[in-house]
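Inside the fold
The lines below spell out each chain.
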Amino acid sequence: MKTVYTCFCTDVIHDGHLNIINHMKKYGRVIVGCLSDKEMIRCTKFPITSEQERMALYQDLDGVDQVVLQDDMLYNDVIEKIHPDYVVHGDNWKVGAEKSIRDHVESMIALYGGQIIDVPYTYSESVKKVDQRLKEKLSMPEYRRKRLRQLIEMTPVVKVMEAHSGLTGLIVEKTVVDGNNGKLDQFDGMWVSSLCDSTDKGKPDIELVDMTSRLRTIDDIMEVTTKPIILDGDTGGLTEHFVYNVRTLERMGVSAVIIEDKTGLKKNSLFGTEVVQTQDSIENFSAKIAAGKKAQLSDDFMIIARIESLILERGMEDALERAFAFSAAGADGIMIHSRKKNPAEIFEFCHKFREEDKKTPIVVVPTSFNQVTEEELASRGVNIVIYANQLMRAAFPVMQKTAEDILKAHRAKEVDGKLMPFKDIIRLIDEL
Ligand code: SPV
Ligand code: MG
């Protein structure tokens, strides 16, 4: 009897999946693969149910003979083990980002005479409804909030990109690439940067944009996305105010706030010692963290302490002393910041911190030491990498140049070839 294989990466079975099983039954013994969490978050969407629950769901389907865990989105593990005669998939993988996976599978199974069967994709109202409902569920506060903690467990490094508006949120939400290892990849979450949120409003990054306005930005992003959000909470402000903001943020479904151990008029860290910046005492900042943790109502929300000792040239010993003190005060993670051109001091911090603390998540923002890769940081014990300002920095020069070029030419013809066609911009945002 021939073996027929398909891979599912879904929490809910709809008509399209049943149609695939029905096709498979005609060709032989039906084996369904359950794509592992760690691969699913890279190529499709975040799973709502566990691997075990998904496997049990697939096993219960009529016509399924066996369910296996597939831990490689390129199918290498299952093809080597099972040698399926047929691999069945909806024909939607013949185009778009998934095409590279199809090509890879086709070449692998061709080596022993295996074949791909592309089943026409089921475009029905009920399938659309199931997809839509799943997406809406993922955007709900209770699902979104806990997702950062889940991701830290699921993946070697959580990849976070800045978003400062609904539109940039959509870019972080939807961008999927066919990476250089042949696998698909995407960001895990969003950073609502104080620098970018302020800059977008034409204001300096000095805690001038108030919390009401920051919450408005978060809400704009949340309206159109599902990925978890980390808020740049600056200094956290007065402890008496911080405790209220913690409650508000967790109620909204924000996953984490990062507060930095500075006090007085906050300036952006990348100014370093060029401007006057005052670091808070260990006692005061520890008390602020402890008050925030006490105020918190959910188990999922994270308060992450950001240490500015390296930025302000106070030395590695000071940074480490603070890291241990802040995590003892209840911080759920440590962000260590640096404005050096290479990651040496970040690596040293990670090494010394991890000698004593294997578990507390470490967060880094490689803006100035941007040659370092996510894999390298993960191998040093980093859990979350934040690209803090790149979308804003990408957009500004292009917008400014376009404004200059139209002013010089007294018309828009010269710039048009560099712009998105207006036919595309009016369709960029889907209607419900
Ligand atoms: C931000 O993005 O606002 C940050 C990171 O706080 S940094 O600009 O590097 O200080
Ligand atoms: Mg900031």
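In the block above lies the structure referred to throughout.
A short tour of the structure in this document, coming up.

Rules and cut-offs
Residues numbered from 1 in each chain as written. Chains lettered and ligands numbered in written order. Predicted model: local features only at pLDDT ≥ 70, side-chain atom pairs only at ≥ 80, totals over all residues. Heavy atoms only, no water. Helix = DSSP H or I, 4+ residues; strand = E, 2+ residues; numbered from the N terminus. Contact = heavy atoms within 4.5 Å. Areas by Shrake-Rupley, 256 points an atom, 1.4 Å probe, with all protein chains shown as cover. Lys, Arg positive; Asp, Glu negative; His and termini not counted. Charge placed at Lys NZ, Arg CZ, Asp CG, Glu CD. Pairing = 2+ DSSP bridges. Axes fitted to C-alpha atoms, helices over the stretch in contact; angles between N-to-C directions. Parallel < 35°, antiparallel > 145°, perpendicular 65-115°, else oblique. Left-handed = near helix turned anticlockwise from the far one by under 90°. Nonpolar A, V, L, I, M, F, W, Y, C, P; charged D, E, K, R; others polar. Near = heavy atom within 4 Å. Polar contact = N/O pair within 3.5 Å; in protein donor to acceptor, adjacent residues only side chain to side chain. Buried < 20%, exposed > 50% of the residue type's maximum accessible area, 1.4 Å probe, protein only. Donors = N, O, S within 2.8 Å, 3.2 Å for Na, K, Ca; no water. Phe/Tyr/Trp six-rings, centres within 6.5 Å; stacked < 30°, edge-to-face > 60°.

What follows concerns the overall build of the protein. For the protein, the helix and strand inventory stands at 18 helices and 17 strands. Looking at the protein alone, contacts between residues at least 24 apart form 74% of all its contacts between residues at least 6 apart. Just so you have it, the protein exposes about 21000 Å², and 54% of that area is on carbon and sulfur atoms. Distance between charge centres in the protein, computed from 57 positive and 69 negative side chains, equals 3 Å.

A few words now on the sheet that holds strand β17 (residues 384–387). Read around the closed barrel, eight strands run β6-β9-β10-β11-β14-β15-β16-β17, paired in parallel fashion. On average, each strand axis in the sheet is tilted by 25° relative to the strand beside it, whichever way the strands run. Sheet topology places strand β6 (residues 158–162) next to β17; four bridges connect them, and they run parallel. In the strand pairing of β17, Met-161 is matched with Tyr-387. Sitting on the sheet, helix α10 (residues 211–224) touches β9 (189–192) and β10 (229–232), and the angle it makes with β10 is about 160°.

What follows concerns the packing of helix α11 (residues 239–252) against helix α12 (residues 282–295). At their nearest, the axes of α11 and α12 sit 9 Å apart, and the two run at 40° to each other. Here α12 runs oblique to α11, going by the angle between their axes. Where α11 crosses over α12, the two elements pack in a sense that is right-handed. Residue-level contacts link Thr-239, Phe-242, Val-243, Val-246, Arg-247 and Glu-250 of α11 to Lys-288, Ala-291, Gly-292 and Ala-295 of α12. Broken down by class, the residue content of the contact of α11 with α12 amounts to five nonpolar, two polar and three charged.

Further remarks concern the site of ligand 1. In the vicinity of ligand 1, the contacting residues are Trp-191, Ser-193, Ser-194, Leu-195, Asp-232, Asn-268, Ser-269, Leu-270, Arg-306, His-337 and Ala-388. Leu-195 is positioned such that a nitrogen or oxygen atom in its backbone is 2.9 Å from an oxygen atom of ligand 1. At 2.8 Å, a side-chain N or O of Asp-232 approaches an oxygen atom of ligand 1. Protein burial of ligand 1: of its 280 Å² of free accessible surface, 100% is covered by the chains.

Secondary-structure assignment places Glu-39 in helix α2 (residues 37–43). You can call Glu-39 buried: its relative accessible area is 5%. Among the polar contacts listed, one links the side chain of Glu-39 to the backbone nitrogen of Met-73, at a separation of 2.7 Å. Glu-39 has contacts with Asp-71, Asp-72, Met-73 and Lys-183, leaving out every residue within four places of it along the chain.

What follows covers the sheet that holds strand β1 (residues 3–8). With parallel pairing, five strands are arranged side by side in an open sheet as β3-β2-β1-β4-β5. Lying at the two open borders of the sheet, with one neighbouring strand each, are β3 (66–70) and β5 (115–119). Ignoring which end each strand starts from, the neighbouring axes of this sheet average 30° apart. Here six bridges tie β1 to strand β2 (residues 29–35), and the two strands are oriented parallel to one another. The residue of β2 that forms the bridge with Tyr-5 is Ile-31. Contacts from helix α5 (residues 99–110) reach β4 (86–90) and β5, with the element oriented near 145° to β5.

Attention shifts here to the coordination of the magnesium ion (ligand 2). Looking at the magnesium ion (ligand 2), one finds its protein donor set to be Ser-194 (OG) and Asp-232 (OD), positioned 2.1 to 2.2 Å from the metal centre. Remark: Asp-232 occurs in strand β10 and Ser-194 occurs in helix α9 (residues 194–200); sequence separation between them is 38 residues.

To continue, consider the environment of Ile-221. Topologically, Ile-221 is positioned in helix α10. The class for Ile-221 is buried, based on a relative accessible area of 0%. Along the sequence, Ile-221 and Tyr-244 sit 23 residues apart, while their C-alpha atoms lie 21 Å from each other. What Ile-221 contacts, discounting residues up to four positions off in sequence, is Ala-163, His-164, Ser-165, Gly-166, Gly-169, Met-190, Val-192 and Ile-229.

Here we come to the packing of aromatic side chains. The geometry of an aromatic ring pair is captured by two quantities: the separation of the ring centres and the angle between the planes. Throughout the structure, instances matching the rule amount to nine aromatic pairs. Judged by centre distance (5.3 Å) and plane angle (90°), the ring pair of Phe-8 and Tyr-58 falls under edge-to-face. Remark: Tyr-58 occurs in helix α3 (residues 51–59) and Phe-8 occurs in strand β1; sequence separation between them is 50 residues. Look at Phe-8 and you get buried, because its relative accessible area is 3%. Consider the rings of Tyr-27 and Tyr-86, whose centres lie 5.1 Å apart with planes at 55°: the pair is tilted. Of the two residues, Tyr-27 sits in the loop between α1 (15–25) and β2 while Tyr-86 sits in strand β4, which places them 59 residues apart along the sequence.

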